[in-house]
Amino acid sequence: VWHTAKETNNYAIFAPYIDKIVAALKKQAGYIAPDKDPYDYWLNNYEEGLDRKTCDQFFETLRARLMPLVKAVCDAAPVDDRCLHGDFPIEKQRALSDDLMALIGLDRAHCGIGETEHPFTTSFTKYDARITTRYERENFASSMYSVIHEGGHALYDTHPADEFAYTVLGGGVSMGIHESQSRFYENLLGRSRAIIGHIAPRLRALFPSLNDVDDETLYRAINKAQPSLIRTEADELTYCLHVMVRYELEKKLFSGELTAKDLPAAWNALYKEYLGVDVPSDREGVLQDSHWSGGAFGYFPSYALGSAYGAQLLEKMKETVDVDACLEKGDFTPINAWLEDKIWRFGSLYKPGELFERAAGAKFNPDYYVNYLTEKYSPKA
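Here the structure is a predicted model, which is why all the values come from computation and not from measurement.

Enquirer: Honestly, the overall build of the chain in this entry has me stumped. Any pointers?
Expert: Within the chain, the secondary structure is distributed over 16 helices and three strands. Taking 381 residues into account, the globule formula puts the C-alpha radius of gyration at 21 Å, and the chain, at 20 Å, falls close to it. The dimensions of the chain, computed from C-alpha atoms along their principal axes, are 55 × 50 × 40 Å. Relative to its 381 residues, the chain shows a buried fraction of 54%. Long-range pairs, those at least 24 residues apart, make up 71% of the contacts in the chain between residues at least 6 apart in sequence.

Enquirer: Whenever I open this one, the nonpolar core confuses me. Can you help?
Expert: Looking at soluble globular proteins, one finds that nonpolar side chains tend to be buried together. Counting residues in each nonpolar core, the largest one holds 128 residues, and the members touching the most others are Ile18, Phe140, Tyr185 and Ile335. Counting residues per element, this core draws most heavily on helix α10 (residues 236–255), at 11 residues. The contact partners of Ile335, leaving out residues within four places of it in the chain, are Phe184, Tyr185, Leu189, Met317, Val321, Val323, Cys326 and Leu327.

Enquirer: Can you walk me through helix α5 (residues 90–104) in this structure?
Expert: Residues three or four positions apart in an α-helix share a direction because the helix packs 3.6 residues into each turn. The terminal C-alpha atoms of α5 lie 21 Å apart, and with 15 residues this matches the ideal 21 Å at 1.5 Å per residue to within 8%. The complete set of buried residues in α5 reads Gln93, Leu96, Ser97, Leu100, Met101, Leu103 and Ile104. End-on, the buried residues of α5 take up no more than an arc of 155 degrees, which puts them together on one face. Opposite the buried face of α5, at more than 90 degrees from it, the exposed residues are Glu91 and Ala102. Looking at the packing, one finds that the buried side of α5 touches β1 (111–115), β3 (128–133), α6 (140–157), α7 (175–189), α8 (193–206) and α14 (333–342). In the stretch just after α5, Gly105 is the one whose phi turns positive, near 100 degrees.

Enquirer: Teacher, can you tell me more about the sheet that holds strand β2 (residues 121–125) here?
Expert: Through backbone hydrogen bonds, the strands of a sheet pair up, either in parallel or in antiparallel fashion. Spatial strand order, β1-β3-β2: three strands in an open sheet with mixed pairing. Looking along the sheet, the strands with just one partner apiece sit at the ends: β1 and β2. Going across the sheet, the axis of each strand differs from the next one's by a mean of 20 degrees, ignoring polarity. Taken together, the five bridges between β1 and β3 define a ladder with parallel strand orientation. Across the sheet, residue Ile113 finds its bridge partner in β3, namely Ile131.

Enquirer: What's the story with the pattern of salt bridges in this structure? I'm lost.
Expert: For side chains bearing opposite charge, pairing can occur when the charged atoms are close. Under the definition given, this model contains 35 salt bridges. Here Arg130 and Asp128 are joined by a salt bridge, their closest N and O atoms 2.6 Å apart. Residue class for Arg130 comes out partly exposed when judged on its relative accessible area of 38%. By relative accessible area, which is 24% here, Asp128 ends up partly exposed. A salt bridge links Lys272 to Asp278; the nearest nitrogen and oxygen atoms lie 3.2 Å apart. The exposure class of Lys272 is partly exposed, given its relative accessible area of 42%. Three or more residues are tied together by salt bridges with common partners; here these are Asp56, Glu60, Arg63, Glu248 and Lys251.

Enquirer: What exactly am I supposed to notice about the packing of aromatic side chains here?
Expert: A ring pair, where both rings are aromatic, is described by two values, the distance of the centres and the angle of the planes. The final tally for this structure, using the stated rule, is 26 aromatic pairs. Ring centres of Tyr39 and Phe254 lie 5.3 Å apart, and the angle between their planes is 45 degrees; on these two criteria the pair is classed as tilted. Placement of the pair is Tyr39 in helix α3 (residues 38–46) and Phe254 in helix α10, with a sequence separation of 215 residues. Given the relative accessible area of 1%, Tyr39 is considered buried. Assessed through its relative accessible area of 7%, Phe254 is described here as buried. In this arrangement the basic side chain of Lys20 is found over the ring face of Tyr17, its NZ or CZ atom lying 5.4 Å from the centre. Over the ring of Tyr239 we find Arg183; its NZ or CZ atom is 3.5 Å from the centre of that ring.

Enquirer: What is the right way to read the environment of Leu106 from this model?
Expert: For Leu106, the location among the structural elements is in the loop between α5 and β1. Judged by relative accessible area, Leu106 falls into the buried class, the value being 8%. A sequence separation of 46 residues divides Leu106 from Gly152, and the C-alpha atoms of the two residues are 9.0 Å apart. Contact partners of Leu106, with chain neighbours within four places excluded, come to Met101, Cys111, Gly151, Ala154 and Leu155.

Enquirer: Explain the packing of α5 against α6 to me, please; I cannot follow it from the model alone.
Expert: The packing of two helices is summarised by the inter-axis angle and the distance between the axes. At a closest axis distance of 10 Å, the pairing of α5 and α6 adopts a crossing angle of 35 degrees. Note that α5 runs across α6; the crossing there is right-handed. Contacts between α5 and α6 involve Gln93, Leu96, Ser97, Leu100, Met101 and Ile104 from the former and Phe140, Ser143, Met144, Val147, Ile148, Gly151, Gly152 and Leu155 from the latter. Its residues placed into classes, the contact of α5 with α6 shows nine nonpolar, five polar and no charged.

Enquirer: Looking at this structure, how should I read the environment of Leu275?
Expert: Along the polypeptide, Leu275 turns up in helix α11 (residues 263–275). The sequence separation of Leu275 and Thr238 amounts to 37 residues, and the corresponding C-alpha distance is 7.8 Å. The contact partners of Leu275, leaving out residues within four places of it in the chain, are Pro227, Ser228, Thr238, Leu241, His242 and Leu270.

Enquirer: Explanation requested: a nonpolar patch on the surface in the structure shown.
Expert: Residues Val1, Ile13 and Tyr17 make up a contiguous nonpolar surface patch of about 250 Å² in total accessible area. By secondary structure assignment, the location of Val1 is in the segment before α1 (2–8).

Reading guide: rules and limits
Residues numbered from 1 in each chain as written. Predicted model: local features only at pLDDT ≥ 70, side-chain atom pairs only at ≥ 80, totals over all residues. Heavy atoms only, no water. Helix = DSSP H or I, 4+ residues; strand = E, 2+ residues; numbered from the N terminus. Rg over C-alpha atoms; globule rule 2.2 N^0.38 Å. Buried < 20%, exposed > 50% of the residue type's maximum accessible area, 1.4 Å probe, protein only. Contact = heavy atoms within 4.5 Å. Core = buried A, V, L, I, M, F, W, Y, C linked by side-chain atoms within 4.5 Å. Expected span 1.5 Å × (residues − 1). Arc of directions from axis to C-beta. Pairing = 2+ DSSP bridges. Axes fitted to C-alpha atoms, helices over the stretch in contact; angles between N-to-C directions. Salt bridge = Lys/Arg side-chain N within 4 Å of Asp/Glu carboxyl O. Phe/Tyr/Trp six-rings, centres within 6.5 Å; stacked < 30°, edge-to-face > 60°. Lys NZ or Arg CZ within 6 Å of the ring centre and 35° of its normal. Left-handed = near helix turned anticlockwise from the far one by under 90°. Nonpolar A, V, L, I, M, F, W, Y, C, P; charged D, E, K, R; others polar. Patch = residues over 30% accessible without salt bridge, like charges linked within 9 Å, V, L, I, M, F, W, Y side chains within 5 Å. Areas by Shrake-Rupley, 256 points an atom, 1.4 Å probe, with all protein chains shown as cover.

Next up, the structure:
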């Protein structure tokens, strides 16, 4: 029903299911954890230890420090990203997907790739992971970064220790840790100057329209930051604002402050408040994500937490790995080895907080993420 609603821009046919799903999730939470707030239960379900209080504090830090930076970036001279838009044949984009999967170190004997409306990864065991992407002929970067993002998930899923295979410890421990891996590859590595410099010759070979585009222009185009409508295509800087919209709406759905009929107007109002954009249709607004149709309420904050986890892990990794040098050569082996040693091999053996602290050598601190974004996106950078 969601897929049809999105295709036809018909929110009304999907709305009744949202109310039913929320009611069912609240009832289920009541059976399992009767003394716990239902939304806190579902937040904890995706990231053990997470609740609204923690989320509110995290998002308040981002709101206070990132929204002024977003405004400063928007007020600066606009970045020319025309090179990313044109005619990029799907077959050549599929070849790029194969190249990217090999580059980041995915074993194609145990990881396939398919195509879907909304990219995702599904893994059955460490020996069988599947990633998906969606190709847009007019924009090669859309699928390029979906493949790198989903590839990060698949790397995590295919590298738990062998003794955990086919057991409940054989997969990733939480959505926050999982998203720390996918967004680590997509953004912290995949949008860096070093890796773009390495990939650029292959992009020019596949897409001749890029022949006159130098590496720095390509880097700035790929990292263009501006408020937008679609979460999955948002830049690093504004991405968490998209997540915050969903978090605020989910809280109100579970508290009864909102019902499904109120969602489009509430969604549009928050996009105007947080991102300064007008939402032209429900297809580009409240219907854009598949998560709610599958009952995944409480999931979205994991994306923002994962992004922030990744920035802190990168700083720790740089103490022993010359990350930029690896990326310039296109050699992910030392990077993957560090993550396998610190994160991947443990599967679900440790709780998310303990696993993160063991890897990072400290408790989670969102300042690493804010500082990373400030350094990268300040208008002078």
